[in-house]
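Fold and geometry: a report
So you can see what is in the structure, the chains are spelled out below.
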Amino acid sequence: MDPIRNPFAPGAGSQPPELAGRDEIIREAEIALKRILQGRHDRSQILLGLRGTGKTVLLNKIERLAEEAGYLTSFIEAPEDKSLAELLYPRIHQVLRKLSIVENAKEKAYSAMRALRGFASVFKIEVGDFSLSVDPEAGTADSGNLEFDLSDLFVRVGEAAKSADKGWALLIDEMQYLNEKELAALIVAIHRVNQKQLPVIMFGAGLPQIAALSGDAKSYAERLFKYPPVGALDQEAAVSAIKEPISEEGEHIESDALDLIVERTEGYPYFLQEWGYQAWNTADQSPISRHDVERASETALKRLDDGFFKVRFDRLTPKEREYVIAMAELGTGPYRSSDVADHLGEPPSKLGPRRAQIINKGMIYSPEYGDIAFTVPMFDDFLRRTMVKPS
Ligand SMILES: Nc1ncnc2c1ncn2[C@@H]1O[C@H](COP(=O)(O)OP(=O)(O)O)[C@@H](O)[C@H]1O
Ligand SMILES: [Mg+2]
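On a predicted model such as this, the values are computed, not experimentally measured, just so you know.

Compared with an ideal rise of 1.5 Å per residue, which puts 15 residues at 21 Å, helix 1 (residues 23–37) spans 21 Å between its outermost C-alpha atoms and is within 8% of the ideal. Listed in full, the buried residues belonging to helix 1 are Ile25, Ile26, Ala29, Ala32, Leu33 and Ile36. With its buried residues spanning 130 degrees around the axis, helix 1 presents them on a single face. Seen from the open side of helix 1, the exposed residues pointing more than 90 degrees away from its buried face are Asp23 and Glu24. Where helix 1 is buried, its residues contact strand 1 (44–48), helix 2 (55–69), strand 2 (71–77) and strand 4 (200–206). Phi turns positive one or two residues past the end of helix 1, at Gly39, with a value near 80 degrees.

Here it is, written out as structure tokens:
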């Protein structure tokens with residue numbers, strides 16, 4: 001069918017034509033946003049899920065909801081090679097600039113800018129185009145201890161936002177790449193603004209290991225945050241993720257074709273988009289049949305193998321590849337680390353550092369003590385399809 005009218009959107013962070021099965025998460029986010037803005041208690045949230053489940057898309061959606069509710073927003077993505085302080089600086093700068101033109105908030109905004117200035121110098125941030133023409137305020141956000149300084153800074157930003165009758169929403173994607181100190185500082189800073197009932201809220205997203213990481217960083221993190229799970233879609237939602245966009249275009253898909261898509265994708269959002277996309281392009285005409293989906297499956301898998309899966313695999317060193325291939329050879333996860341070691345013929349203690357390295361790269365995680373699993377759904381199938389040599 002006409003590829004130009006193809007509604008599906010496979011791709012990292014691509015807005016899906018139908019945001020299926022996420023009503024509950026969206027509703028909870030909206031309630032928290034509104035409550036916090038009114039000075040009521042609610043919790044910041046960290047969306048947890050595997051790769052390609054739709055976390056970035058949800059964060060984008062929540063950012064729009066926040067703006068509609070009356071928040072200034074800052075969206076950052078934690079990369080592997082930049083500090084949290086560096087990422088936050090230009091974003092907070094931008095928020096304070098906006099607040100500084102609101103008459104009632106001017107004074108507080110300048111006070112926050114002074115704090116930001118001190119923060120930038122103590123953490124040696126390259127300010128570039130974002131330099132501040134205010135003097136730092138000695139003793140505020142400039143101790144060099146990230147926990148104290150980030151708290152000071154968040155409090156100042158919160159006070160400035162409050163005087164403008166606004167809120168500040170901080171959205172952080174790929175949170176698993178923050179280091180433990182940064183994570184701890186964020187938790188403390190959010191805790192601080194909560195206690196002061198300031199209109200500041202954080203929404204994070206990342207791989208499932210964050211729950212444990214943040215618990216290690218600060219024991220009260222568990223009570224401070226909500227951790228909505230973002231997983232595969234259930235049958236009904238998966239069906240509507242495919243069916244609705246096709247109907248919107250005035251076309252149809254047969255129900256056994258839908259069933260096959262749900263079966264092959266196991267309801268994982270990224271895979272649903274890829275299958276929907278290929279099924280549409282493969283079919284000669286509407287309605288899309290089961291046979292069309294069978295043919296499309298080959299193209300869809302090939303595209304995933306060459307893209308989604310491969311980019312992840314390419315980031316591993318030869319030794320790390322050996323490790324993940326050994327996992328896949330054991331079948332479907334989660335896997336006992338000791339079984340992987342056995343399979344490789346090495347003592348588990350020797351493999352510890354390698355395992356930790358692969359976890360740091362966000363390729364595997366530990367769902368439970370002693371266990372490991374892939375952070376990419378169906379990655380084991382991919383490895384068996386493409387890497388494992390028949391013995
Ligand atoms: N609720 C949903 N329903 C249908 N498709 C979705 C949904 N959420 C995300 N997608 C699609 O899944 C893919 C991955 O989304 P993304 O937000 O990048 O995932 P993540 O950030 O978890 O890796 C995108 O192509 C997106 O359009
Ligand atoms: Mg993402």
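On we go.
With that settled, consider the site of ligand 1. Among the 25 residues in the neighbourhood of ligand 1, the closest are listed as Ala9, Gly13, Ser14, Gly52 and Lys55. Taking Ala9, its main chain carries an N or O atom lying 2.7 Å from an oxygen atom of ligand 1. At a separation of 2.9 Å, an oxygen atom of ligand 1 approaches a polar backbone atom of Val57. Protein coverage of the free-state accessible area of ligand 1, which is 570 Å², stands at 95%.

A few words on the pattern of salt bridges. For the structure shown, the criterion picks out 22 salt bridges. Note that Glu103 is salt-bridged to Lys106, the shortest N-O span being 3.5 Å. Put simply, Asp314 and Lys310 hold a salt bridge, and the shortest N to O gap is 2.9 Å. Accessibility expressed as a relative area gives 40% for Asp314, which makes it partly exposed. By relative accessible area, which is 38% here, Lys310 ends up partly exposed.

Turning our eyes to something else, we now look at the domain arrangement of the protein chain. Taken domain by domain, the protein chain consists of domain 1 (23–226), domain 2 (233–312) and domain 3 (315–386). Taking only C-alpha atoms, the centre of domain 1 and the centre of domain 3 are 34 Å apart. Listed by partner, the interface residues are seven residues for domain 1 and 11 residues for domain 3. Around 710 Å² of area is buried between domain 1 and domain 3 when both sides are counted, 56% of it from carbon and sulfur atoms. For the domain 1 face of the interface with domain 3, the top three residues by lost area are Leu50, Arg51 and Gln209, together amounting to 61%. Summed over the shared surface of domain 1 and domain 3, the result is zero salt bridges. Applying the counting rule to domain 1 against domain 3 returns three residue pairs in polar contact (both at pLDDT 80 or more).

All right, on to the pairing of strand 3 (residues 167–173) then. Among the seven residues of strand 3, seven are classified as buried, and the element is accordingly described as predominantly covered. The pairing of strand 2 with strand 3 spans seven bridges and is parallel. Its bridge partner lying in strand 3, Phe75 is registered against Leu171. Here five bridges tie strand 3 to strand 4, and the two strands are oriented parallel to one another. Of the residues in strand 4, the one forming a bridge with Leu170 is Met202. Viewed along the sheet, the connection from strand 3 through helix 6 (residues 180–195) into strand 4 turns out right-handed.

Criteria and cut-off values
Residues numbered from 1 in each chain as written. Chains lettered and ligands numbered in written order. Predicted model: local features only at pLDDT ≥ 70, side-chain atom pairs only at ≥ 80, totals over all residues. Heavy atoms only, no water. Helix = DSSP H or I, 4+ residues; strand = E, 2+ residues; numbered from the N terminus. Expected span 1.5 Å × (residues − 1). Buried < 20%, exposed > 50% of the residue type's maximum accessible area, 1.4 Å probe, protein only. Arc of directions from axis to C-beta. Contact = heavy atoms within 4.5 Å. Near = heavy atom within 4 Å. Polar contact = N/O pair within 3.5 Å; in protein donor to acceptor, adjacent residues only side chain to side chain. Areas by Shrake-Rupley, 256 points an atom, 1.4 Å probe, with all protein chains shown as cover. Salt bridge = Lys/Arg side-chain N within 4 Å of Asp/Glu carboxyl O. Domains from an automatic or database assignment. Buried area = accessible area lost by both parts, 1.4 Å probe. Pairing = 2+ DSSP bridges. Right-handed = clockwise from strand over helix to strand, strands pointing away.

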